[in-house]
Amino acid sequence: MKKFLVLFVALMMVMPMAFATEADTFATASVADYYAANALTGDDLMNAVNGQSGCYLISTTNPDGTPNTAYFIFAIKKLDDKYYLQLGLAENQSKANLLANGNGLAVYAANPEADAKPYAVSGARIRFVAIEDQAIVEKLNADAARPGALFFEIVEVKPLG
C-alpha cells in the first residue's frame with residue numbers, strides 16, 4: 001500500500017509538467033486579484049493615502065537589476081482629473097533609482113478595521129512613472145507642502161493581491 005501511495009504522489013507531481021505549456025512565469029504571475037472587492041481607487045485611494053495611516057512601500061530597481069523596497073510615507077495629488085504620487089525622499093538609493101529610470105511601484109495597505117480580518121486587504125498597488133511635462137511638475141510643486149518633492153504620474157492602480 002505504501003508503494004502505491006508513493007507512486008500515486010509521484011505521478012501527481014509529474015502530471016502537471018507533462019501537460020504544461022511554456023509560459024513566461026514573470027509575466028503570468030499574480031494574474032488573479034484576490035482582493036479586488038477591497039481595492040481603493042481614485043479619490044478614495046487619494047484620501048486614504050493622504051490620511052497617513054496604514055502601510056506604505058516604494059519599490060524601485062537598483063542599477064544591477066535587484067529590487068529595492070523601502071518604507072516611505074507618500075502622498076497623492078489630483079490635477080486635471082489625473083493622479084500623481086508625491087515623494088519627499090532624502091538622498092538614498094530609492095531616489096537615485098527613480099532619477100535614473102523614472103518608474104516604480106508604490107503599495108498602500110490600509111489598517112484593518114477593528115472588527116475585520118486581522119490583516120490588511122484594503123489598499124492598492126500603484127505603478128508610477130516620471131512626468132515628462134515640466135509645466136505639470138511646476139503646478140504640483142506650487143501646492144506642495146514640502147519643497148523639493150518628486151512627483152510621478154500614476155499610470156496603473158491594482159488591488160493588493
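What comes next concerns the included structure. (Residues numbered from 1 in each chain as written. Predicted model: local features only at pLDDT ≥ 70, side-chain atom pairs only at ≥ 80, totals over all residues. Heavy atoms only, no water.)

**A short note on the overall build of the chain**
Turning to step 1, where the next piece is worked out: Secondary structure summary: the chain contains 5 helices and 7 strands in total.
Turning to step 2, where the next piece is worked out: Reading the secondary structure of the chain in the N-to-C direction produces α-α-α-β-β-β-β-α-β-β-α-β.
Turning to step 3, where the next piece is worked out: For the chain, buried positions account for 31% of its 161 residues.
Turning to step 4, where the next piece is worked out: Accessible area of the chain: about 10700 Å², with a carbon and sulfur share of 58%. (Helix = DSSP H or I, 4+ residues; strand = E, 2+ residues; numbered from the N terminus. Buried < 20%, exposed > 50% of the residue type's maximum accessible area, 1.4 Å probe, protein only. Areas by Shrake-Rupley, 256 points an atom, 1.4 Å probe, with all protein chains shown as cover.)

**Describing the packing of aromatic side chains**
Turning to step 1, where the next piece is worked out: Using the criterion set out here, one finds 3 aromatic pairs in the structure.
Turning to step 2, where the next piece is worked out: Plain terms: the ring middles of Tyr56 and Phe74 are 5.0 Å apart, the flat faces sit at 85 degrees to each other, and that makes the pair edge-to-face. Here Tyr56, found in strand β1 (residues 55-61), pairs with Phe74, found in the loop between β2 (67-70) and β3 (75-79); they are 18 residues apart in sequence, far enough to count as distant. Per residue, the accessibility class of Tyr56 equals that of Phe74, and both read buried.
Turning to step 3, where the next piece is worked out: One aromatic cluster is present, built from ring pairs that chain together Tyr56, Phe74 and Tyr108. (Phe/Tyr/Trp six-rings, centres within 6.5 Å; stacked < 30°, edge-to-face > 60°.)

**Considerations on helix α4 (residues 93-101)**
Turning to step 1, where the next piece is worked out: Burial in α4 covers these residues: Ser94, Lys95, Asn97 and Leu98. For α4, the angular spread of the buried residues around the axis is 160 degrees, confining them to a single face. Turned more than 90 degrees off the buried face of α4, the exposed positions are Leu99 and Ala100.
Turning to step 2, where the next piece is worked out: As for α4, its buried residues are in contact with β1, β2, β4 (82-87), β5 (103-109), β6 (123-130) and β7 (150-158).
Turning to step 3, where the next piece is worked out: Of the residues that open α4, the one with a side-chain oxygen 3.1 Å from the backbone nitrogen of Ser94 is Asn92.
Turning to step 4, where the next piece is worked out: Count one or two residues on from α4 and you reach Gly102, which has phi positive near 75 degrees. (Arc of directions from axis to C-beta. Contact = heavy atoms within 4.5 Å. Polar contact = N/O pair within 3.5 Å; in protein donor to acceptor, adjacent residues only side chain to side chain.)

**Topic: the nonpolar core**
Turning to step 1, where the next piece is worked out: By size, the foremost hydrophobic cluster in this structure holds 24 residues, and its most contacted members are Phe74, Leu85, Leu87 and Tyr108.
Turning to step 2, where the next piece is worked out: Going through the elements one at a time, α3 (42-50), β1, β4, β5, β6 and β7 are the ones with two or more residues in this core.
Turning to step 3, where the next piece is worked out: Examining the composition of this core, we find that 4 residues originate from one element, α3, more than from any other.
Turning to step 4, where the next piece is worked out: Among the nonpolar cores identified, the runner-up in size contains 8 residues, and Val137, Leu140, Ala144 and Phe151 belong to it. (Core = buried A, V, L, I, M, F, W, Y, C linked by side-chain atoms within 4.5 Å.)

**Re unusual backbone geometry**
Turning to step 1, where the next piece is worked out: In this structure, Gln52 takes a positive phi of about 50 degrees despite not being glycine.
Turning to step 2, where the next piece is worked out: Within the fold, Gln52 resides in the loop between α3 and β1.
Turning to step 3, where the next piece is worked out: The phi torsion at Asp80 lies on the positive side, around 55 degrees, for a residue other than glycine.
Turning to step 4, where the next piece is worked out: The residue Asp80 is located in the loop between β3 and β4 in this model.
Turning to step 5, where the next piece is worked out: A residue is classified by how much of its surface remains accessible, and Asp80, at 63% relative accessible area, is exposed.

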